[in-house]
Amino acid sequence: MRKITILFVLITALATQAKAQSAPNVQLIDPATVATPHGYSHAAVIDLGNCKMVILSGQVALDAKGNLTGANDIGKQTEQVFQNIKSILEAAGGNMNHLVKLGYFTTDVSRLQDIRTIRDRFINTKTPPASTLVQVNKLFRDDILIEIEATAVIPK
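Peer 1: What's the story with the overall build of the protein chain in this structure? I'm lost.
Peer 2: In terms of regular secondary structure, the protein chain is built from three helices and six strands. When the helices and strands of the protein chain are listed from N to C terminus, the series reads α-β-β-β-α-β-α-β-β. In the protein chain, the share of contacts with a sequence separation of at least 24, taken over all contacts with a separation of at least 6, comes to 68%. Surface exposure of the protein chain reaches about 8,800 Å², of which carbon and sulfur atoms provide 53%.

Now the structure itself:
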C-alpha cells in the first residue's frame, strides 16, 4: 500500500508540476474509439522531454458506444478493458509494450486466473509491467466486475 501511495504522490506531483510550468506539457485526451467520459478525461499525456508519460483513468468494459460488454462475464469484461487501454495508448502514439504499470480493481479476486489469461494476450509477458490488484466490494455500477488503470511511457 505504501508503494501505491508513493507512486500516486509522484505521478500527481509530476502532473501538477507539468501543468503549473506550462499547460502545453499536458494534453488530456478522449479518443473516439472509447466511450465518451462524463466529468473526466480518459488519459493525461505528459511531455517529459525525451518521452511521454500517459496516465490512463480506470477503464471498464464499456464499448465505444457506452454499452457494457460481457454482462456477468469477467473474461469478456477484461478483454474489453484491455481493448480500451490499447485504443487509448495508440491514440497517444504508443502501444501495449509501453505499459509500465497496471492497477486492477475487481469484485472477485478468485477470478484472477481468468484475468491473467486475458491480460497475457495484450501485454509482453517476458517483461510485464508492474501491477497491483485489489478486490473491492463494488465498483461504480453493479454490473461492472473489473476496472483497470494504467500508466505508460512512450519514447519520442
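Picking up after the structure, the text goes on.
Peer 1: Explanation requested: the sheet that holds strand β4 (residues 99-106) in the structure shown.
Peer 2: Pairing between the strands of a sheet is mediated by backbone hydrogen bonds and can be parallel or antiparallel. On the basis of which strands lie adjacent, the open sheet formed by six strands has the order β1-β2-β3-β6-β4-β5 and mixed pairing. The sheet is open, and its two borders are formed by β1 (26-29) and β5 (130-135), each paired with just one other strand. Averaged over all adjacent pairs, the angle separating strand axes in this sheet is 10°, with direction ignored. In the sheet, β4 pairs with strand β6 (residues 146-155) via seven bridges, with the strands oriented antiparallel. Following the sheet pairing, Thr106 is matched in β6 by Ile146.

Peer 1: Looking at this model, I keep getting lost on helix α3 (residues 112-119). Mind explaining?
Peer 2: Residues spaced three or four apart along an α-helix face the same direction, because each turn holds 3.6 residues. Of the residues making up α3, those classed as buried are Ile115, Ile118 and Arg119. Projected onto a plane normal to the axis of α3, the buried residues spread over an arc of 100° and lie on a single side. Along its buried surface, α3 packs onto α2 (74-91), β4 and β6.

Peer 1: Any chance you could explain the packing of α2 against α3 here in plain terms?
Peer 2: Two numbers describe a pair of packed helices, the interaxial angle and the distance between the axes. Their axes nearest at 9 Å, the elements α2 and α3 cross at an angle of 35°. Of the two elements, α2 crosses α3, and the hand of that crossing is right-handed. Along the contact surface, α2 presents Ile74, Gly75, Thr78, Glu79 and Phe82, while α3 presents Asp114, Ile115, Ile118 and Arg119. For the contact of α2 with α3, a count of residues per class yields four nonpolar, two polar and three charged.

Parameters at a glance
- Residues numbered from 1 in each chain as written.
- Predicted model: local features only at pLDDT ≥ 70, side-chain atom pairs only at ≥ 80, totals over all residues.
- Heavy atoms only, no water.
- Helix = DSSP H or I, 4+ residues; strand = E, 2+ residues; numbered from the N terminus.
- Contact = heavy atoms within 4.5 Å.
- Areas by Shrake-Rupley, 256 points an atom, 1.4 Å probe, with all protein chains shown as cover.
- Pairing = 2+ DSSP bridges.
- Axes fitted to C-alpha atoms, helices over the stretch in contact; angles between N-to-C directions.
- Buried < 20%, exposed > 50% of the residue type's maximum accessible area, 1.4 Å probe, protein only.
- Arc of directions from axis to C-beta.
- Left-handed = near helix turned anticlockwise from the far one by under 90°.
- Nonpolar A, V, L, I, M, F, W, Y, C, P; charged D, E, K, R; others polar.

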